[in-house]
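# Observations on the model geometry
One-letter residues, chain by chain:
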Amino acid sequence: MISLTPRAAQQVRTMHAGLNAPTKRLRVFVESGGCSGFQYGMSFDEQKEGDAAIESEGVGILVDPTSLAYLQGSAIDFDDGLHGKGFEIKNPNAQSTCGCGKSFG
């Protein structure tokens, strides 16, 4: 599964509240690109056929089947400190990552 830290969940709830779209959930996905071959993406979206619907820290998460294979076991954190990177995905399946933390191989 995919999990959110309490900090990440709070940030997602804050962002979702500003959308005025109560049926949309956090979508986490993987796409081609980035410096290491794949990059992470997140958006708010409606559930589509075939999506895995997960809940972590009270936040609904959607993941398409292809992305789920890459993201299984990942944890999403949020760092808003002085040098914070924003959302950061800690992926145990990534064989390599780049310095920006947004792509993996």
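Residues numbered from 1 in each chain as written. Predicted model: local features only at pLDDT ≥ 70, side-chain atom pairs only at ≥ 80, totals over all residues. Heavy atoms only, no water.

In terms of nonpolar packing, the biggest core is built from 20 residues, with Leu4, Leu71 and Ile76 touching the most fellow members. Sorting the residues of this core by element identifies helix H1 (6-17), strand S2 (25-32), strand S3 (38-45), strand S5 (59-63), helix H2 (65-71), strand S6 (75-79) and strand S7 (86-90) as the ones contributing at least two each. Sequence-distant contacts of Leu4, defined by excluding residues within four places in its chain, comprise Ala9, Leu26, Ser56, Glu57, Val59, Ile61 and Ile76. (Core = buried A, V, L, I, M, F, W, Y, C linked by side-chain atoms within 4.5 Å. Buried < 20%, exposed > 50% of the residue type's maximum accessible area, 1.4 Å probe, protein only. Helix = DSSP H or I, 4+ residues; strand = E, 2+ residues; numbered from the N terminus. Contact = heavy atoms within 4.5 Å.)

Summed over all chains, the structure comprises 2 aromatic pairs. Measuring from ring centre to ring centre gives 4.8 Å for Phe38 and Tyr70, while their planes differ by 45°; the resulting arrangement is tilted. One end of the pair, Phe38, is in strand S3; the other, Tyr70, is in helix H2, with 32 residues separating them in the sequence. (Phe/Tyr/Trp six-rings, centres within 6.5 Å; stacked < 30°, edge-to-face > 60°.)

Turning our eyes to something else, we now look at H1. Since one α-helical turn is 3.6 residues long, residues separated by three or four positions face the same way. The end-to-end C-alpha distance of H1 is 16 Å, a good match for the 16 Å that 12 residues give at a rise of 1.5 Å each. Taken residue by residue, H1 has Ala8, Ala9 and Val12 as its buried positions. Down the axis of H1, the smallest arc covering the buried residues is 100°, so these residues share one side. Exposed positions of H1 whose direction lies more than 90 degrees from the buried face are Pro6 and Ala17. Here the buried face of H1 lies against strand S1 (3-4), S2, S3, S5, S6 and S7. (Expected span 1.5 Å × (residues − 1). Arc of directions from axis to C-beta.)

So, on to the sheet that holds S7. A sheet is described by the order of its strands in space; here 3 strands give the open sequence S1-S6-S7, paired in mixed fashion. Both edges of this open sheet fall to S1 and S7, since each of them pairs with a single strand only. Here 5 bridges tie S6 to S7, and the two strands are oriented antiparallel to one another. Its bridge partner being in S7, Asp79 is matched across the sheet by Gly86. (Pairing = 2+ DSSP bridges.)

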